[in-house]
Amino acid sequence: MAISIKNQQDIEKMRIAGKLASEVLDFITPYVVHGVTTDQLDKLCHDYIVDVQHAIPAPLNYAPDGHRPYPKSICTSINQQICHGVPSDKQLKNGDIVNIDITVIKDGYHGDTSRMFYVGEVTAQAKRLCEITYQAMWLGITKVKPGATLGDIGSAIQTFTEKSGYSVVREFCGHGIGKVFHEDPQVLHYGKPGMGATLKAGMMFTIEPMINAGKRDIKHMPDGWTIVTKDRSLSAQWEHTILVTETGYEVMTLSSGSPAIPEFVQKTV
């Protein structure tokens, strides 16, 4: 599959889908508290996407090759869960960290983003992992411009992460997105500068590093979807959808409730 170049109509539709996805995270924020189940969070998000946004939750019944259909409308990955955690009757408890991953389809276009949430008071170690992961994502985003390479993005994320004492998950990566949920290119969160595909204006993809407090090794859970750290160390992830513009990048998944952009990022979004 070749890397698609989005036209102006695609970009406008993706701006809408991206903002909607981020607004689901704004909406769910006050509900992420001690005692709530991830099933309850899933239902709240599902109803908001369908009834308020008049959009479609992309994960529901999503079934790529080799996978059983995903049974829920969002992904909720708690503590040692790296990604694709399936909502259940498990209650969140004080001290948990949880990633909520949202993808909505609006007018045929996908908006994809995720954030980390703290449940009550979390440990300093857990908070630092989430903060370093957020900064790593933004360091990758700042490398996006025409003429740069995918390796520039991955190298920036990997170098910062490993200097901070953490590890980068290798088996999962960012991806092209538009009318198709997952398309080329694959956006690795590790690599070497100058390697990989050269970026061109109109490309659109996610940057979504998964960072482990311990080793990078993963384990697949029996549900066929949930991925956890093999050593049961904490894991964190953040995700934005990015457009390559003529001069740099545009973040497509920002909304009024988005966390503050790090000070080191030049405000070109």
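See the structure printed just above.
Asker: Any chance you could explain the side chain of threonine 161 here in plain terms?
Answerer: Secondary-structure assignment places threonine 161 in helix 4 (residues 150-163). Within the structure, the side chain of threonine 161 is placed 2.8 Å from the backbone oxygen of isoleucine 157, a separation counted as a polar contact. Threonine 161 has contacts with Ala136, Tyr166, Ser167, Val168 and Ile211, leaving out every residue within four places of it along the chain.

Asker: Would you explain the pairing of strand 8 (residues 183-187) in this entry?
Answerer: Moving residue by residue along a regular strand, the side chains alternate between the two faces of the sheet. Taken together, the three bridges between strand 7 (residues 174-176) and strand 8 define a ladder with antiparallel strand orientation. In the sheet register, glycine 174 faces strand 8, and the bridge partner there is valine 187.

Asker: Please explain the sheet that holds strand 11 (residues 218-220) as it appears in this structure.
Answerer: Across a sheet, paired strands are connected by hydrogen bonds in the backbone, their directions being either parallel or antiparallel. Strand order in the open sheet formed by three strands is 3-12-11, with antiparallel pairing between adjacent strands. Edge positions in the open sheet fall to strand 3 (81-83) and strand 11, since each of these has one partner strand only. Neighbouring strand axes in the sheet, compared pairwise and without regard to direction, differ in orientation by 40° on average. Pairing of strand 11 with strand 12 (residues 227-229) involves three bridges; the strand directions are antiparallel. The residue bridging histidine 220 from the neighbouring strand is isoleucine 227, located in strand 12.

Asker: Sorry if this is basic, but what is going on with the pattern of salt bridges here?
Answerer: If charged atoms from side chains of opposite charge come close, those side chains can pair. This structure, assessed with the given rule, holds nine salt bridges. Taking the shortest distance from any N to any O, the salt bridge between glutamate 12 and arginine 15 comes out at 2.8 Å. Separated by three residues within a single helix, glutamate 12 and arginine 15 lie in helix 1 (residues 8-28), roughly one turn from each other. Note that lysine 72 is salt-bridged to aspartate 39, the shortest N-O span being 2.8 Å. Highlighted residues: lysine 72 in the loop between strand 1 (56-57) and strand 2 (75-78) and aspartate 39 in helix 2 (residues 38-52), separated in sequence by 33 residues. Exposure remark for aspartate 39: the relative accessible area of 27% places this residue in the partly exposed category. Salt bridges linked by common partners bring Glu12, Arg15 and Glu250 together as one network.

Here is what the cut-offs are and how they apply
- Residues numbered from 1 in each chain as written.
- Predicted model: local features only at pLDDT ≥ 70, side-chain atom pairs only at ≥ 80, totals over all residues.
- Heavy atoms only, no water.
- Helix = DSSP H or I, 4+ residues; strand = E, 2+ residues; numbered from the N terminus.
- Polar contact = N/O pair within 3.5 Å; in protein donor to acceptor, adjacent residues only side chain to side chain.
- Contact = heavy atoms within 4.5 Å.
- Pairing = 2+ DSSP bridges.
- Axes fitted to C-alpha atoms, helices over the stretch in contact; angles between N-to-C directions.
- Salt bridge = Lys/Arg side-chain N within 4 Å of Asp/Glu carboxyl O.
- Buried < 20%, exposed > 50% of the residue type's maximum accessible area, 1.4 Å probe, protein only.

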